[in-house]
Structures are given as structure tokens and as C-alpha cells.
Amino acid sequence: MQATESVADSRLTERQIAWKVARVLEEGWYVNLGIGIPLHIVNYIPDDREVILHSENGILGMGTRPPVGEEDPDLVNAGKEPVTLRPGGCFFSQADSFAMVRGGHIDVAVMGALQVSERGDLANWMIPGHELGNIGGAMDLAAGARQVWVAMEHCTKDGKPKILKHCTYPLTAPDCVKMIFTDIAVIQITDAAPLLLETAPGWNPQDVQKLTEPKLLFTKPVKVMDLTGAPANK
Amino acid sequence: MQATESVADSRLTERQIAWKVARVLEEGWYVNLGIGIPLHIVNYIPDDREVILHSENGILGMGTRPPVGEEDPDLVNAGKEPVTLRPGGCFFSQADSFAMVRGGHIDVAVMGALQVSERGDLANWMIPGHELGNIGGAMDLAAGARQVWVAMEHCTKDGKPKILKHCTYPLTAPDCVKMIFTDIAVIQITDAAPLLLETAPGWNPQDVQKLTEPKLLFTKPVKVMDLTGAPANK
Amino acid sequence: MIKKVVASVQEAVQDIFDGSTIMVGGFGGSGLPEALICALRDHGARNLTIVANNVGGVQYGVGILIANRQVRKVICSFPIGRRQAKLQDTFWEQYRAGALEVELVPQGTLAERIRAGGAGIAAFYTPTGAGTGAAQAREVRSFGGRECLLELALKADFALVKAHKADRMGNLVYRKAMRNFNIMMATAANVTIAEVYEVVEAGTLGAELITTPGIYVDRVVEVKVERRWQG
Amino acid sequence: MIKKVVASVQEAVQDIFDGSTIMVGGFGGSGLPEALICALRDHGARNLTIVANNVGGVQYGVGILIANRQVRKVICSFPIGRRQAKLQDTFWEQYRAGALEVELVPQGTLAERIRAGGAGIAAFYTPTGAGTGAAQAREVRSFGGRECLLELALKADFALVKAHKADRMGNLVYRKAMRNFNIMMATAANVTIAEVYEVVEAGTLGAELITTPGIYVDRVVEVKVERRWQG
């Protein structure tokens, strides 16, 4: 599985990124999943690992989407999609929900991002030039969760880096991101610089560096992601 | 029933004061009853009048003390005495309870007092010279309830006025008391001065004035309390 | 006997006045007081300030009132999703003409400001938004080395909320994730109007299940609708 | 599988250290974690700061720890009632010698400061105490023409709470007026330890009845005691 050449189309799918994150969520953690790629994570948490999912509209113990015909309009996630409740789950108000978030009780919030800076600044709520952004719960989650992880495409649609020296978009919160999971890499934000932990199969560190603005640290050989058991490409 | 002479021993008992207050609580009001005389009020609310009692430890719809043997250690009032719950009553935390109070949702808080000033300042939590007072919920109730009523003896044990030009004891809240129910009078705090509304049977306005430091307003003839149906003197 | 149940949604909203500030509960379609919103559209009060998490679409939620040009200002965390294609034209036209003002508030700050309004807390310091553009319009202060923003309580003239069941005393219980903004909004308005699926006898809701005590509710209206997922 | 249930109250309190700040739930004897308090007395940790509404007596509540000279400071609204004759001597002796500090806080402010600690609100402005001696030690600021005091969040190293039932995931339900300070205190400590009458299967507590979600609870210990009124 050692990467030997750059294979431009061997990027992880959105579901594979979600699967990758799901593998490293630990038993007993309380985790919030943001809109977008993170919402897929619920489908890939191993059955024998109790990770308790928080939804900011007032749910702890959120489960997967119910079968067609069993959707409940009073039971939706942050993306307003129907979900289920796992045994031991419960409901509360949005004020209580964000008390949980702001009070540092959520172990990890996994969010999408438009940009992440090398020191972990997060921009994910507004594209300059748009008249209005949608903040939602992003600012509270970024400021309040014990750890913020980002799950996103490594580059913009036109191939520009989203991991930058400095964010140019309006910030969601400064200095909050600890881990970044993309379609080509897993990167940890450290005090020194972003640390490249893993690359996607077919990608070597130099290829990832080319698509990343700040200088990446890494230790040779960089681990290549093991995608055994991951959802299929399509 | 016109008072014609001063009868020093024709004072209302504590239970009669409570009964007097209970008669003027209105249907649909949410009312908090403080420790002391006010806690007796629950016993004298007419059966056909729905007054909903709040207890700061997290109860709405508090009822009377249960019969001996039916007390529940998990159902006590602010004085830590056993109570019951009326149909439609509910429970909540102390934070939610004081959110109700502070947010101005309690129509009337009836409290005991050590001193009340002519402008409605309330002192009821500490006697100077004592090393420590017990604040309890008094400051929150005095600051937060829509109306604060006082139910107390008119004078101290050694016969000194408790209704003063200025309180000399530490304040619970300034400018909050609207009505005072004592063993000899009912007095309303107005912008101009305390207004004597009623006297106990056997008391005339001048007798009440002698035991009250600020000048009382009154309109002749001052109403004499009708104690028909009140609890017996002993 | 206390009786807060009114006969119709029309009666429930009849005293809403032009220029009112109105909180509207719900998160997406969950816990959304749909019948009250439609009654408010038919009632026609204008120049409204709406406090709601999201605007919704032209056929549901606060979007109905925007499409009907009754709204002067929205205080929300999520003004308009990309899926709300039908609302887009009306929304942007009013927004660009300055006829519709939007105050963007982070969702947790919005929830907490409403709670503060109901709880008599004048203002509070939160870390949310510190170090971002949101800090420019706020007082910033450090507590224990952490920057926080000062946020003010939010109150309203009316709150439109949705619950599962109510009794005549105004006690409300919710089903599953319906609670969302409804619980706080019910506490923060001068007049709180609750739309419920069912009114039951006082004393049957369960004292430990009542999450909006009747003290917060002025009017209850029963709206029998079939609840099903609408995709 | 998440399993927060521990075998004994001794095990539950074993890592409480000298100098800890400990929140103790309850209002009078209602919702009071009696077995945990006794375990803490036997454990012997000293120099404690206790946050509790009231001190109780020599045989119940925080008074047990004061009588045992384990407490350096109490943050409370109701330090010592006249009925607690047996505790008076020990209490006043320590207080006058400066060995026991008492911080008096209005009950609603105490509850809200603890909630703020759990909710990540650094500080808040409340009208409670404005215009009284309490204002002297506080920042005073007017909002909408009303004077308010700035109050800071309270947090703790440990919270000892009492609930009716729990499950292995730490979810708690309360019975009647047991909730009092327990709900907020559970949110505001690094380690929350819950004493309950009964541990039941996960999924059986009722999703709408759980008022302390397991996210706030680190340890659960079942203490089977007969509940009766003790006068």
C-alpha cells in the first residue's frame, strides 16, 4: 500500500472521509456532527463502539436515518433530516443543547470548512461576496467543543488550497481546529505547524504539500490510509 | 364593627394575617410564599379559586401539608416542610425556578420582613450584630417578583415600629414592597406615602399611626377588617 | 377556574399588532407552529420583527410571512438555505431594497439570549464569536484569560410556540426534538401562544414531563393535524 | 460499552483531594446525596470548599463535614438555621477562628452562577442584590434603566448529586422536587458523582424524562435506602 506515484483521481469520496473519521472516534465520546460530510459519520461508527452523538437541536444519542416510511417529523438532525434515537438517548432545548456545547462537554465537534489556517483558525460560515452567511451553530461549536475536527475536500472546486497560512474568509473561531480529515490526507494542527499524519493511497507527502499552502511537517514514512472496510468509491 | 377605642390585645394572629392575605390573592395568579407567616397562606386560599403557588426549590402548583404518614421527603416547600402537589403542578430545577422569579413571571411574592421603609425598601435577611444572615431566595424574590407583599407583625417584640422612614437593617431590595399586611393594619406603599387601607377591629388610624414611623395617609373612614370566616384567635 | 384554551388560531393571534416583535419556535419543521404562522399571515399584521432560528421557505415557517411582506427584520442564525429556491427572489428583493433587515446571531447565542430574556438576566458574556468579525459590534472582555463577548437578553411581544400536548392551565409537553427553541421562547414574550396537537385534562400530563410550565403560557389552541414526514 | 456505575460510595469518592471545591446538591433533605456525604466524611479529605444551598445539621448535609472540620469555605445562601442547635457550637467556633469562611450568595444567583459554570457563560448581569450591600463587592451596570450586578460563573472539581434513577450511561431522572440544585451542579464540575436509589437498564428511563443527560455524569452509585419523612 506504499504510495509510489501521484494518482490525481484516487481521492476519498465524501463517504470515505466520513468513514475515516468514524474509525477514530472513541468509545464513550460525546460528538457533534456538523452539516455536510460530517453528517455521514453516523453511518460508519462500529456497532460495538458506543459513541454518543449530539445534535444541536436538542438530541443526545442520535442514531442513523430510519427506513423510508418510518421518518418522524419531530425527530430530525441539525441538517433537518430524519434520524432515530438510540437507547439511552434524550431530548432537551436548544439552550440546554448549547449549554452542553459552550460548557465544554462535547468531546469532539466534526465540521465542514471553507478554510483552515495553519494555526487552526476555522472559516466555514460565509464566502465573501455573498450577501449573507448562515452561521447556525458553527460559532458556538467551534468556540465550545473540547476538540474541533474538520472533514472536508482538501481543495476548492477550482483546485485551490483550503488549508492556508491565514484564512481570508470571515472566521468562525480562531485557533480551534485540532485535526483535518480530507480526501487526500489526515493532518494534525500542532503548535509548530500542521503535521501530516496520513495520506490517501496513491498520494505522497509532496503531492499533498503542493495542494496545501503552509509548510507541512511529517515524519518519514508517512502512513498511507488503510481503507479496508471503507465504503466503495461510488 | 367601627373601631371606637384602642384594644391592645385585639391583634390578628399569624394565621389570621395569612388568612387576610389569602382572601385577596386572585384567580390565576402565580404566587410565591416566603418562610414564616406567608407559608400559612396556602391553608386559606378558597377552594374555588385557582391560585398557583410557586416554591423556589422547584415546584409550581404546591398544595397544603399532607396528612401525617403521607409526607414525602422528596416533596417539601421552601421551609423544608412537607407539602403536596395540586393537579397541573410540575417540578423544575432551582435555576429554572429563579428564572421564573427573576424574569418577572411571579405575580406576587409574599414575604416576612424585619423592616419596611415608607418608599417600600425591604429588610428581611439580617439583623445587624448577628454575624451571618440567611439570604435564601429573598433577594431574588424581592428584585424579581412583579409585586412584593409583606406579611408581618406590625411591631418588633419590644414594641418598636417595623415600618420606618428608612430601613436601618441591611436591605434585601430597595423600592419593592407594594402591600403590607400586619396584625393591626393593611397598608399600601404609594409614591406619596404609605396609605392606610384597613385597620384591625378595635384599632383606629391614630393607634396604627403611633406604631408606624412615617406619616400614614388615609381616607376617612378607614375600613375595618372584616374577619368573618377567619381562623380563631387560638 | 383557569382556562387558557382558545377556540381558534384566528382568535389566538387577533391582538398581534403592527410593529410587534414575535418569536417563532421550531427548528426546520420540527416544533414549528405552522397553523399560528398561517393565521398570522391571514391576520396581516405588518412591519414585524421576527426572532426565529431559520427563515424556512415560501410555504413553511417564517418564510411565509416574508413572502407576504409582513416582516421588517429577522433575528436568526440561519437566514436562508440554498434549497429555498422559491423564497429566494422575494427574500433578496426585500433585503436589497432595505425593506428587510437581517440580524445574524450564532445559534447558541440566540438560544441563550432568549433564555436570558425569560430569566431576567440582562446580559451575559460568552466565548462564542470572540476573535471573529462578530466581536466588532460587541463589548469584549476577558474572564480567566478567555475572551468573551457581551450579549444582551432578547424579549418579544409575542411568542408562537408548538408543543405536543397542553392542559387548560397552559402546561406544555413536547415530543422528541420539538423542544428546540420553543421552551425558551415561551418564557421570553409578553404573550405566549401555544399551538398543540391535543389538549388534555389538567393533572394528566405528568408533573415530571411538563417542560413548559403554564406560568409561561397565555393561550393554547388545539390544531389537529396528521403528523407525517414531508421529505 | 459505557459503564459509569461504580460498586460503592467509597469507590465513588476515593479521588477527592484535599483542597477540592465540591458542589453538593439538595435543598434541605430533598435530593441530598447523603451516602456520598458520609463517604466523604469517612474518606477524610480536608480543606474543602463546599458549594451548597444550605449547610444542614450535624447529622445531615454539609454540616456533617463542617462538624468533622473538613471544610475551609462554604458558598451558600442559607448557612445555618436556628434549628441546627447541635451544629451551632462547631460552626461558630470555626467561623470565629477564621478556620471556616462563608460566602453568602442569594439563592437564585447561586443557582444561576452554577448553571453558568456548566453552560460556558463566563459571567452575567442580574438585578438581584442591586441597591443593597451586596452591590458593594460587585460591578454595577444599568441595562434598560435597571441596575444589575455582574456575577461570575461557579465551577467545581467534584459535584455530589442525588437522583431517583440512573442507567449505566449516567442518565439521571429525578422524583418530584429532588431536582433543585442537582441539575445545575451535575453540569458544573470536572467530576460528577451521582447517588441514586436505583440503576435501571439503558433505554428504560424515558427519553423525555431524563433531566440530567449522561454527558454530565461520570460515576453512578446505587444506594438502596428506605425513603420516609423524618420530621
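What counts as what
Residues numbered from 1 in each chain as written. Chains lettered and ligands numbered in written order. Predicted model: local features only at pLDDT ≥ 70, side-chain atom pairs only at ≥ 80, totals over all residues. Heavy atoms only, no water. Helix = DSSP H or I, 4+ residues; strand = E, 2+ residues; numbered from the N terminus. Rg over C-alpha atoms; globule rule 2.2 N^0.38 Å. Buried < 20%, exposed > 50% of the residue type's maximum accessible area, 1.4 Å probe, protein only. Areas by Shrake-Rupley, 256 points an atom, 1.4 Å probe, with all protein chains shown as cover. Contact = heavy atoms within 4.5 Å. Buried area = accessible area lost by both parts, 1.4 Å probe. Salt bridge = Lys/Arg side-chain N within 4 Å of Asp/Glu carboxyl O. Polar contact = N/O pair within 3.5 Å; in protein donor to acceptor, adjacent residues only side chain to side chain. Nonpolar A, V, L, I, M, F, W, Y, C, P; charged D, E, K, R; others polar. Pairing = 2+ DSSP bridges. Axes fitted to C-alpha atoms, helices over the stretch in contact; angles between N-to-C directions. Expected span 1.5 Å × (residues − 1). Core = buried A, V, L, I, M, F, W, Y, C linked by side-chain atoms within 4.5 Å. pLDDT = per-residue confidence, 0-100.

1. Things to note about the overall build of chain A
Link 1 in the chain: Helix and strand counts for chain A stand at four helices and 13 strands.
Link 2 in the chain: For a compact globule of 234 residues, the expected C-alpha radius of gyration is about 17 Å, and chain A comes in at 18 Å, within 12% of that figure.
Link 3 in the chain: The C-alpha extent of chain A, read off along each of the three principal axes, is 50 × 40 × 30 Å.
Link 4 in the chain: The 234 residues of chain A split such that 63% are buried.

2. So, the overall build of chain C
Link 1 in the chain: Each helix and strand in chain C was counted, giving six helices and 11 strands.
Link 2 in the chain: Here the C-alpha coordinates of chain C stretch approximately 50 × 45 × 35 Å along the principal axes.
Link 3 in the chain: Surface exposure of chain C reaches about 8,300 Å², of which carbon and sulfur atoms provide 45%.

3. Concerning the interface of chain B and chain D
Link 1 in the chain: Each partner contributes to the interface: chain B provides 38 residues, whereas chain D provides 47 residues.
Link 2 in the chain: Between chain B and chain D, a total of about 3,500 Å² is buried, with carbon and sulfur atoms accounting for 60% of that surface.
Link 3 in the chain: Contact with chain D buries area across many residues of chain B, yet Asp74, Lys80 and Leu132 of chain B alone supply 20% of it, more than any other trio.
Link 4 in the chain: Scanning the region where chain B abuts chain D turns up five salt bridges.
Link 5 in the chain: Glu131 of chain B is the partner of Arg96 of chain D in a salt bridge, and the nearest nitrogen-oxygen pair spans 2.7 Å.
Link 6 in the chain: One can count 17 residue pairs in polar contact (both at pLDDT 80 or more) joining chain B with chain D.
Link 7 in the chain: Looking at the side of chain B that touches chain D, the elements that each hand over two or more residues are helix H2 (94-102) and helix H3 (138-144) of chain B.
Link 8 in the chain: Ranked by residues supplied to the side of chain B that touches chain D, first place goes to H2 of chain B with four residues.
Link 9 in the chain: Of the residues belonging to the side of chain B that touches chain D, the class tally is 18 nonpolar, 10 polar and 10 charged.

4. As for the sheet that holds strand S7 (residues 146-152) of chain C
Link 1 in the chain: Taken in spatial order, the six strands line up as S6(C)-S7(C)-S5(C)-S5(D)-S7(D)-S6(D) in an open sheet, and their pairing is antiparallel. Among the strands making up the open sheet, the edge pair consists of strand S6 (140-143) of chain C together with strand S6 (140-143) of chain D. The mean inter-strand angle of the sheet, taken between neighbouring strand axes irrespective of direction, is 30°.
Link 2 in the chain: Strand direction decides the pairing type here: S6 of chain C and S7 of chain C, joined by four bridges, are antiparallel. The residue of S7 of chain C that forms the bridge with Ser142 of chain C is Glu147 of chain C.
Link 3 in the chain: Strands strand S5 (123-126) and strand S7 (146-152) of chain D of the sheet are contacted by helix H5 (residues 107-119) of chain D, whose axis makes an angle of about 155° with S5 of chain D.

5. Brief notes about the side chain of Asp74 of chain B
Link 1 in the chain: Considering the arrangement of structural elements, one finds Asp74 of chain B in the loop between strand S3 (59-63) and strand S4 (84-91).
Link 2 in the chain: Those residues in contact with Asp74 of chain B, other than ones at most four positions away along the chain, are Ser30, Gly31, Arg175, Lys176, Ala177, Met178, Tyr197 and Arg227 of chain D.

6. Considerations on the pattern of salt bridges
Link 1 in the chain: Taken as a whole and assessed by the stated rule, the structure comprises 52 salt bridges over all chains.
Link 2 in the chain: Between Arg65 of chain A and Glu81 of chain A there is a salt bridge; the shortest N-O distance is 2.7 Å. Note that Arg65 of chain A is positioned in the loop between strand S3 (59-63) and strand S4 (84-91) and Glu81 of chain A in the loop between S3 and S4, a separation of 16 residues in sequence.
Link 3 in the chain: The exposure class assigned to Glu81 of chain A is partly exposed, which follows from its relative accessible area of 24%.
Link 4 in the chain: Across the salt bridge formed by Glu151 of chain D and Arg138 of chain D, the nearest N and O atoms sit 2.9 Å from each other. Linking Glu151 of chain D in strand S7 with Arg138 of chain D in the loop between S5 and S6, this pair joins segments that are 13 residues apart in sequence.

7. Looking at H5 of chain D
All names here are of chain D.
Link 1 in the chain: Its 13 residues give H5 an end-to-end C-alpha distance of 18 Å, which sits within 8% of 18 Å, the value for a rise of 1.5 Å per residue.
Link 2 in the chain: The buried fraction of H5 is high, at 13 of 13 residues.
Link 3 in the chain: Looking one or two residues past H5, Gly120 carries a phi angle of roughly 70°, positive in sign.

8. A look at the packing of H2 of chain B against helix H5 (residues 107-119) of chain C
Relative placement of two packed helices is described by the angle separating their axes and the distance separating the axes.
Link 1 in the chain: In the contact formed by H2 of chain B and H5 of chain C, the axes pass within 7 Å of each other and the chain directions differ by 65°. For the pair H2 of chain B and H5 of chain C, contact is made by Ala95, Phe98, Ala99 and Arg102 of chain B and by Arg115, Gly118 and Ala119 of chain C, respectively.
Link 2 in the chain: Of the residues belonging to the contact of H2 of chain B with H5 of chain C, the class tally is four nonpolar, one polar and two charged.

9. Some thoughts on the nonpolar core
Link 1 in the chain: In terms of nonpolar packing, the biggest core is built from 109 residues, with Leu122 of chain B together with Ile114 of chain C touching the most fellow members.
Link 2 in the chain: Beyond its immediate chain neighbours, meaning those up to four positions away, Ile114 of chain C contacts Met23, Val51, Leu154, Phe181, Met184, Met185, Thr187 and Ala188 of chain C.
Link 3 in the chain: Within the second largest apolar cluster, 108 residues are counted, among which are Leu25, Ala151 and Met152 of chain A together with Met184 of chain D.

10. Re unusual backbone geometry
Only a minority of non-glycine residues have a phi that is not negative, and only a minority of peptide bonds are not trans.
Link 1 in the chain: Cis geometry marks the peptide bond from Lys220 of chain A to Pro221 of chain A; its omega dihedral reads -15°.
Link 2 in the chain: If you trace the backbone, Pro221 of chain A turns up in the loop between helix H4 (205-210) and strand S13 (223-224).
Link 3 in the chain: In this model, Asp175 of chain B sits at a positive phi of 55°, which is unusual for a non-glycine residue.
Link 4 in the chain: Position of Asp175 of chain B relative to the elements: it lies in the loop between strand S9 (163-164) and strand S10 (177-181).

11. Comments concerning the sheet that holds strand S2 (residues 52-55) of chain B
Residues and elements named next belong to chain B.
Link 1 in the chain: The 10 strands lie next to each other as S4-S3-S2-S1-S5-S8-S10-S11-S12-S13, forming an open sheet whose pairing is mixed. Of all the strands in the sheet, just S4 and strand S13 (223-224) have a single pairing partner and so form its edges.
Link 2 in the chain: Inspection of the sheet shows S10 paired to strand S11 (residues 185-189) by three bridges, in the antiparallel sense. Bridge pairing in S11 links Met179 to Gln188.

12. Here's the deal with helix H1 (residues 14-24) of chain A
Link 1 in the chain: Listed in full, the buried residues belonging to H1 of chain A are Gln16, Ile17, Ala18, Trp19, Lys20, Val21 and Ala22 of chain A.
Link 2 in the chain: Considering only its buried residues, H1 of chain A is in contact with strand S5 (108-111), strand S8 (147-151), strand S10 (177-181), strand S11 (185-189) and strand S12 (194-199) of chain A.

13. Considerations on the interface of chain A and chain C
How large an interface is tends to be reported as the accessible area lost when its parts come together.
Link 1 in the chain: Between chain A and chain C, the contact holds 38 residues from the first and 47 residues from the second.
Link 2 in the chain: Where chain A abuts chain C, roughly 3,500 Å² becomes buried across the two surfaces, and 60% of that area is made up of carbon and sulfur atoms.
Link 3 in the chain: On the chain A side of the interface with chain C, the three residues burying the most area are Asp74, Lys80 and Leu132 of chain A, jointly 20% of the side's total.
Link 4 in the chain: In this assembly, chain A and chain C are joined by five salt bridges.
Link 5 in the chain: With its nearest N and O atoms 2.5 Å apart, the salt bridge here joins Asp72 of chain A to Arg175 of chain C.
Link 6 in the chain: Counting every contact that joins chain A to chain C gives 17 residue pairs in polar contact (both at pLDDT 80 or more).
Link 7 in the chain: At the level of elements, helix H2 (94-102) and helix H3 (138-144) of chain A are the ones that each hand at least two residues to the side of chain A that touches chain C.

14. Digging into the environment of Thr187 of chain D
Link 1 in the chain: For Thr187 of chain D, the location among the structural elements is in helix H6 (residues 182-187).
Link 2 in the chain: Overall, Thr187 of chain D belongs to the buried group, its relative accessible area being 11%.
Link 3 in the chain: Sequence separation between Thr187 of chain D and Tyr60 of chain D is 127 residues; the distance between their C-alpha atoms is 24 Å.
Link 4 in the chain: Look past the residues within four positions of Thr187 of chain D in its chain and what remains in contact with it is His105 of chain A together with Ile114, Gly118 and Tyr216 of chain D.

15. Details of the environment of Asp175 of chain A
Residues and elements named next belong to chain A.
Link 1 in the chain: Residue classification places Asp175 among the partly exposed residues on the basis of a relative accessible area of 47%.
Link 2 in the chain: Once the C-alpha coordinates of Asp175 and Asp121 are considered, the two residues, 54 residues apart in sequence, prove to be 4.5 Å apart.
Link 3 in the chain: Apart from the residues within four sequence positions on either side, Asp175 is in contact with Arg119, Gly120 and Asp121.

16. Observations regarding the confidence of the model for chain A
Link 1 in the chain: Confidence along chain A averages 94 in pLDDT terms, with 96% of residues attaining 70 or more.
Link 2 in the chain: In this model, residues 1-8 of chain A is a region of pLDDT below 50 whose contacts with residues beyond four sequence positions or in other chains number 16 contacts.

17. Quick word on the pairing of strand S3 (residues 71-76) of chain D
Residue and element names in this part refer to chain D.
Link 1 in the chain: Among the six residues in S3, five count as buried, and that is most of the element.
Link 2 in the chain: Bridge count for strand S2 (residues 48-51) against S3 is four bridges, and the pairing is parallel. If you follow Val51 over to S3, its bridge partner there is Ile75.
Link 3 in the chain: Sheet topology places S3 next to strand S4 (residues 101-104); four bridges connect them, and they run parallel. Its bridge partner lying in S4, Lys73 is registered against Glu101.

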